[in-house]
Structures are given as structure tokens and as C-alpha cells.
Amino acid sequence: MDSVVVIGAGPQGLAAAAHLLERGLNPLVLEAGDGPAAAVAEWGHVRLFSPWTELTDAASRRLLEPTGWKAPAQGYPTGMQWIEQYLAPLADVLGDRVRYGARVVGVGRKGRDLSVDAGRAEQPFVVHVERADGSEERIEASVVIDASGTWRMPSPAGADGLPALGERAAVDAGLLEHRMPGIEDASTLAGQHVVVVGNGHSAATTIGILSRVAKREPGTRISWVLRRGAVGNTFGGGSFDELPERGALGQRAKKAVEDGLVDLVTGFRTEQVALDGGQAVLVAEDGRRLAPAARIFVATGFRPDLSFLSEVRLDLDMRLQAPSKIAAEVDPNLHSCGSVRATGATDLEQPEPGFYIVGAKSYGRAPTFLALTGFEQVRSVVAAIAGDHEAAERVDLVLPDTGVCGGSGLFDAPDEQSAAGSCCAPAPQLIQLGMAPAAR
């Protein structure tokens with residue numbers, strides 16, 4: 001009962017376990033998947049824009065080094081390389097402290113529902129787990145760290161935050177996917193019309209993959225759908241980005257538009273996904289319809305799964321669903337120059353004493369999370385759990401700037417107005433805006 005339960009065996013969950021062990025505490029990591037970093041494995045074909053030097057955690061390295069493991073010194077791994085060369089070896093060292101096929105379906109206080117005050121803080125947490133074989137168990141814990149991420153909760157194509165009419169049917173028909181394709185998947189779409197919905201790094205990555213196919217197969221059509229009325233910071237900070245590969249990602253997507261491989265469609269807010277003879281048609285709130293597509297890839301971000309936390313007292317921002325103390329720092333509507341401060345235990349603790357949200361889930365719906373951020377979070381949180389308040393309050397990290405200033409701009413502003421607040425990068429140019437007519 002003196003264990004600390006960590007939800008999720010991803011990069012931050014495993015790092016939390018390493019820090020807990022180093023502090024002499026007893027971690028138990030519960031992972032719904034059948035192996036470490038199961039969510040990362042689903043985008044294992046994608047190359048990260050963070051270098052190896054920013055993708056390993058200090059306590060984890062100290063735990064691994066006695067086994068003969070050596071930290072990769074350079075390069076940009078794919079998700080699968082990250083697992084094979086770091087995350088899987090770390091999980092192996094942690095051994096039976098990591099339990100797979102263990103999905104957390106509820107967290108609460110023993111004998112106290114959400115409404116009960118009396119004696120609440122003195123009771124242990126109870127973590128309800130559903131095993132892969134369908135059996136259930138209840139685990140008691142002194143502290144719970146939620147590092148479950150957001151991967152299982154992709155945001156829908158619908159512009160109002162709800163699935164568009166027909167979106168679920170399109171998913172069932174295999175015409176719409178909430179993921180980034182691999183080059184093999186993309187190659188099967190050669191010579192056809194493909195639509196990408198989204199305005200972030202995942203969308204830019206998808207555009208990059210598809211444009212490689214379009215170069216080889218000129219008959220391939222790609223429509224890139226943005227909800228906003230302007231290009232704004234879609235292409236990122238370019239050479240001003242302190243993570244060069246992140247800056248280059250946006251520039252490659254920009255070049256695909258400039259070269260005519262991609263039609264960029266702005267101000268398109270999806271209301272419906274209509275099925276049409278084995279293809280899917282996006283329909284906007286203003287009545288515009290895109291040409292029928294063989295596949296639609298939706299990359300509109302992610303959101304936290306709060307369903308299993310209904311009996312935990314949380315203080316979350318009403319817009320981002322991130323801890324209220326950090327919401328203004330990570331709010332994409334507000335933050336300037338792409339920089340956010342590092343966050344620690346005092347930012348992440350919840351009104352439920354001993355409960356912390358870390359990792360990508362701590363950013364709620366904000367899209368700017370980096371692995372570095374999570375490693376600093378778990379270092380600080382575990383220090384607080386261990387009673388080392390000086391270490392918990394110390395900041396050991398300065399995050400790299402994106403090179404993009406002034407937040408995301410006005411939702412409906414024309415492009416020159418949206419770019420007006422930029423202080424770091426040149427104003428983006430509006431290039432080849434295709435309205436994607438229904439037929440060509």
C-alpha cells in the first residue's frame with residue numbers, strides 16, 4: 001500500500017519509475033498495452049524532431065548504464081528506434097514493476113466518493129484495473145502519477161470539437177483515419193485524391209509523407225484543410241526554430257504547397273463526411289464540398305482522457321483541460337514566441353493530495369509538449385513525493401523556442417493581420433490557396 005502507482009509505460013511513465021526507484025520509493029507502472037511505449041509504437045515509422053540528446057531522462061540513464069547500455073549520442077530516431085534503443089531496455093531493467101495489459105478504468109479514494117470530505121486525505125488511493133483477460137483488480141496506492149498521455153483520444157474532424165456527421169461511418173468504412181500514414185500506406189494511395197485535416201506537426205508530417213508519393217506519381221492529389229481563415233504559423237518558425245528538425249518539417253510542407261503538390265484550403269470547418277461510391281467527401285459549414293477522396297487523414301490534435309478520473313478532485317482549465325496553474329503558459333491562443341517555462345510539482349499537483357498529472361496529458365489539448373518537458377516534470381514531482389522540496393522547486397530546464405511569435409493569431413483574420421504580432425520569423429506568405437472544387 002506504500003507503492004506509487006504510475007499510469008502509463010510511455011517515456012514519462014518509465015522515467016517516473018526510474019526517479020522513484022532512485023529515491024528509494026516503490027513504483028508500480030500500469031500499462032494498457034502489451035509492451036512499453038505502446039502508443040509510440042503506433043507511430044513508430046515517424047522520425048522525431050527532437051535529437052537523441054533530448055530524448056533520454058537522467059535518472060533512467062543512471063539506471064541503465066550499469067547494464068552496459070550507452071545513450072545514443074546523435075541523430076533523430078524514429079519512434080520505433082526510440083523504443084528499441086532506450087524505452088524497451090529501460091522497461092526491462094524495471095522488470096515486474098511494469099505491468100502490461102493493465103488498463104486503469106478508475107481512480108478514487110478508499111471508501112470516499114468525490115463528494116465526501118471527512119478523512120479523505122488520510123485514505124489511500126484505489127486504482128481500478130481491467131486486465132487483458134477481462135478480469136479486474138483494485139490496487140491501493142499512497143500516490144498516483146497519471147502519465148497516460150493523450151494518444152487514445154484524437155480530436156475529431158468536426159470543427160465544433162464533436163465528430164462530424166458521418167465521421168464515425170467513414171472510420172468504419174476505412175476512409176477516414178486519425179493517424180499519420182507510413183510511406184507504405186501512402187504509396188497505396190498513389191494517383192488518388194487524399195485529404196489531410198489539421199494545422200500542426202502531425203499534419204505537416206503527413207503532408208511530407210504524402211508529397212513524396214505525389215512527386216513519384218503526378219496524378220496524386222493532396223488537399224490540406226485548415227479550419228483557420230489564414231495560413232498563419234502553419235509552416236512553423238523555419239530557421240528561427242531552436243529545434244532545427246522541427247523548423248525543417250514545416251518548411252518541407254511549405255515547399256510541397258509552393259511546388260503545387262498540395263492544395264491548401266483555408267477557412268474550411270468540417271460539418272459532414274459524406275460517403276460517395278466508396279470515397280469520402282468533406283462538407284464545410286459554409287456548404288463547400290471537397291472532391292471525393294480515397295482517404296482522409298485527420299491530424300487535429302489530441303485531448304486528455306478524463307473518464308477514469310471522475311472520482312478525483314481536479315483543477316483543470318475549462319478550455320484546455322490542462323492543470324489550471326500551467327494553462328496560460330501552454331495556451332496556443334496566447335503564448336508568445338513559442339516559449340513556455342518548465343513546469344514542476346507545484347504546477348501539476350491537484351486538489352486531491354498525492355495526485356499528479358504529468359507528460360502530454362498535463363498540456364491537455366495544447367499541442368506544444370516536448371519529451372524534455374516531461375522529464376523535468378517527473379524529476380520535480382518525484383522530488384516532491386520524496387519530501388525534497390528544494391529539488392522539487394528547482395528548475396533544471398530551459399525549453400527551446402519554436403521561432404513563432406504571437407500565439408496562433410485571430411481565428412478568422414486575413415493572413416497579413418494574423419501575422420502582425422510576429423517578432424521572430426518573417427510573415428508567412430499565402431501560397432496557392434486551392435478551393436478544391438468538387439471535380440477537375
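Residues numbered from 1 in each chain as written. Predicted model: local features only at pLDDT ≥ 70, side-chain atom pairs only at ≥ 80, totals over all residues. Heavy atoms only, no water.

Taking an unreviewed UniProt entry as the reference, the protein is identified by name as Flavoprotein belonging to Leucobacter muris.

Details of the overall build of the protein
Let me state the cut-off plainly: Helix and strand assignments follow DSSP, with helices taken as H or I runs no shorter than four residues and strands as E runs no shorter than two, numbered in order from the N terminus. Should any heavy atoms of two residues lie within 4.5 Å, those residues are considered in contact. Accessible surface area values rest on a Shrake-Rupley calculation with a 1.4 Å probe, where residue burial reflects the displayed protein chains alone.
Scanning the protein from N- to C-terminus turns up 13 helices and 15 strands. Long-range contacts, defined here as pairs at least 24 residues apart, represent 71% of the contacts in the protein between residues at least 6 apart. Looking at the protein as shown, the accessible area adds up to about 18,600 Å², and 50% of this sits on carbon and sulfur atoms.

Considering the nonpolar core
Short version of the rule: We define the nonpolar core as a collection of buried residues of types Ala, Val, Leu, Ile, Met, Phe, Trp, Tyr and Cys that are connected through side-chain atoms lying within 4.5 Å of one another. Relative accessible area decides the class of each residue, using a 1.4 Å probe on protein chains only: under 20% of the type maximum gives buried, over 50% gives exposed, and in between gives partly exposed.
Formed by 52 residues in total, the largest nonpolar core has its most connected members in L14, W43, W82, Y86 and I145. Those elements giving two or more residues to this core turn out to be strand 1 (4–7), helix 1 (11–22), helix 4 (79–94), strand 7 (143–146), helix 9 (324–330), helix 10 (345–348), helix 11 (371–385) and helix 12 (389–393). The biggest single contributor to this core is helix 4, with eight residues. Contact partners of L14, with chain neighbours within four places excluded, come to G8, A9, P36, S60, L87, L90, A91, L94 and V98. Among the nonpolar cores identified, the runner-up in size contains 26 residues, and A186, A204, L210 and L264 belong to it.

What to know about the sheet that holds strand 5 (residues 125–131)
Selection criterion: A pair of strands counts as paired when DSSP detects no fewer than two bridges linking them. Only the contacting stretch of a helix is used when fitting its axis, a line to C-alpha atoms as for every element, and angles between N-to-C directions run 0 to 180 degrees.
Reading across the sheet, the three strands line up as 4-5-6 and stay open at both edges, with antiparallel pairing between neighbours. Of all strands in the sheet, those with a lone pairing partner are strand 4 (102–109) and strand 6 (136–141), marking the two edges. Neighbour-to-neighbour, the strand axes of the sheet open up by a mean angle of 25°, direction not taken into account. Bridge count for strand 4 against strand 5 is seven bridges, and the pairing is antiparallel. Counted as the bridge partner of R103 is E130 from strand 5.

Re unusual backbone geometry
Here A37, not a glycine, exhibits a phi torsion of approximately 50°, which is positive. Take A37: it is sitting in the loop between strand 2 (27–30) and helix 2 (38–42).

Describing the side chain of D57
Here is the rule we go by: Note that His is not counted, nor are the chain ends; the positive residues are Lys and Arg, and the negative ones are Asp and Glu. Counted as salt bridges are all cases of a side-chain nitrogen of Lys or Arg within 4 Å of a carboxyl oxygen of Asp or Glu.
Following the sequence through the fold, D57 ends up in the loop between helix 2 and helix 3 (58–64). The side chain of D57 is buried and forms no salt bridge, while R61, the nearest opposite charge, is found at 6.5 Å. Once residues within four sequence positions are removed from consideration, D57 is found in contact with A15, H19, Y86 and F375.

Here's the deal with the pattern of salt bridges
One pass over the structure, following the stated rule, counts 20 salt bridges. For the salt bridge of E177 with R179, the shortest nitrogen-to-oxygen distance reads 2.2 Å. With a relative accessible area of 28%, R179 lands in the partly exposed category. Note that R394 and E390 form a salt bridge whose closest N and O atoms lie 3.2 Å from each other. With a relative accessible area of 35%, R394 lands in the partly exposed category. The network of salt bridges with shared partners includes E177, R179, D185 and R295.

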